[in-house]
Amino acid sequence: MQIAIDGPAGSGKTSVARALAQHFQCLLVNTGAMYRAVALGLMRRLKLSDIQIEIRPDERVLLNGDDVTEQLYTPEIDELASQVAARPEVREFLIAQQRALARDRAVVMEGRDIGSVVLPHADVKLYLDASPEERARRRCHERPNQPYEEILAQMRARDARDGVGFGRLQIAPDTIVIRTDGRTLDDVIAEAVRAVEAALQRRSTSGKLNG
Ligand code: DC
């Protein structure tokens, strides 16, 4: 079974993906963390072909064997990962690894291009969305030392860049769009679980599941 979750930064997709992976007993793959790890590797002057990324079941991220989880979620890596993700050779490098992770195993994979490019035949495709203001407010809770206005400006700049090219943030026709403005996480998770259950029900009566 393949569940694809896409959406812009701060849309809640990581929390929803985590809950779905637990509920449906799937491997969780956070592709944003992979782009962040590549950004850190390139910052450390590693060659792209020498970069090895491992995401552990407990979500710790290893870069060439070194646990870098805490270093991936800083304003500097937010910026750098967004730039690095616009390079075709980086996308090619990571998309091949993401497809390999989803081969022959049940996954919940989250990112920007999962339903459109990485797993176009996913059993369920979800797209989580929220206004930039709402997403900036959420990010503010995670980063209390950064002013709201600054976070909002960075969010808008990142939206503009993250949505350009490579099928990123393109909503495939068979996608279920969930708007999350003003809703609790539990409420959104419950809707996502229902959407996956309904899609799986339809698939099991009409055809075969992936993985
Ligand atoms: O989801 P995130 O904020 O951790 O992602 C980090 C960066 O990587 C973000 O700028 C968008 C980019 N990204 C991408 O281009 N494609 C993906 N599948 C996942 C993330």
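Reading the values: rules and limits
- Residues numbered from 1 in each chain as written.
- Predicted model: local features only at pLDDT ≥ 70, side-chain atom pairs only at ≥ 80, totals over all residues.
- Heavy atoms only, no water.
- Helix = DSSP H or I, 4+ residues; strand = E, 2+ residues; numbered from the N terminus.
- Rg over C-alpha atoms; globule rule 2.2 N^0.38 Å.
- Buried < 20%, exposed > 50% of the residue type's maximum accessible area, 1.4 Å probe, protein only.
- Pairing = 2+ DSSP bridges.
- Salt bridge = Lys/Arg side-chain N within 4 Å of Asp/Glu carboxyl O.
- Axes fitted to C-alpha atoms, helices over the stretch in contact; angles between N-to-C directions.
- Contact = heavy atoms within 4.5 Å.

Enquirer: Provide a residue-level description of the overall build of the protein, including the pertinent values.
Expert: Along the backbone of the protein there are 8 helices and 8 strands. A globule of 211 residues ought to have a C-alpha radius of gyration of about 17 Å, and the protein, at 17 Å, matches this closely. Its C-alpha atoms put the protein at 50 × 40 × 30 Å along the principal axes. When the 211 residues of the protein are sorted by exposure, 48% land in the buried category.

Enquirer: Tell me about the sheet that holds strand β3 (residues 53–55), and name the residues and values.
Expert: If you walk across this open sheet you meet the 3 strands as β3-β4-β5, and the pairing is antiparallel. The outermost strands of the open sheet, each flanked by one partner alone, are β3 and β5 (66–67).

Enquirer: Which residues make up unusual backbone geometry, and what are the values?
Expert: A negative phi angle is the norm for most residues apart from glycine, just as the trans form is the norm for most peptide bonds. In this structure, Gln25 takes a positive phi of about 55 degrees despite not being glycine. Its location among the elements puts Gln25 in the loop between α1 (13–23) and β2 (27–30). In this structure, Phe166 is a non-glycine residue whose phi angle is positive, near 60 degrees. Within the secondary structure, Phe166 sits in the loop between α7 (148–162) and β8 (175–179).

Enquirer: Go over the pattern of salt bridges, please, and point to the residues and values.
Expert: For the coordinates displayed, the defined rule picks out 21 salt bridges. Between Asp78 and Arg36 there is a salt bridge, with the nearest N and O atoms lying 2.8 Å from each other. Highlighted residues: Asp78 in helix α3 (residues 75–84) and Arg36 in helix α2 (residues 31–43), separated in sequence by 42 residues. Across the pair, Arg36 and Asp78 agree in class, each one buried. Across the pair Glu70 and Arg60 runs a salt bridge, and its minimum N-O distance is 2.8 Å. On the criterion of sequence distance, the pair formed by Glu70 in the loop between β5 and α3 and Arg60 in the loop between β3 and β4 (61–63) is long-range, its members being 10 residues apart. Look at the salt bridges and you will find they share partners, linking Arg36, Asp78 and Arg143 into a network.

Enquirer: Quick one: what's the story with the sheet that holds β2, residue by residue and with numbers?
Expert: Read from one edge of the open sheet, 5 strands run β2-β6-β1-β7-β8, paired in parallel fashion. At either margin of the open sheet sits one strand with a lone partner, and together these are β2 and β8. When the angles between neighbouring strand axes are averaged without regard to direction, this sheet yields 20 degrees. As paired strands, strand β7 (residues 124–129) and β8 are joined by 5 bridges and run parallel to one another. Bridge assignment links Tyr127 to a residue of β8, and that residue is Val177. Taken strand by strand, helix α4 (residues 88–102) contacts β1 (2–6), β2 and β6 (107–111), and its axis lies near 155 degrees from that of β6. Taken strand by strand, helix α8 (residues 185–206) contacts β1, β7 and β8, and its axis lies near 160 degrees from that of β7.

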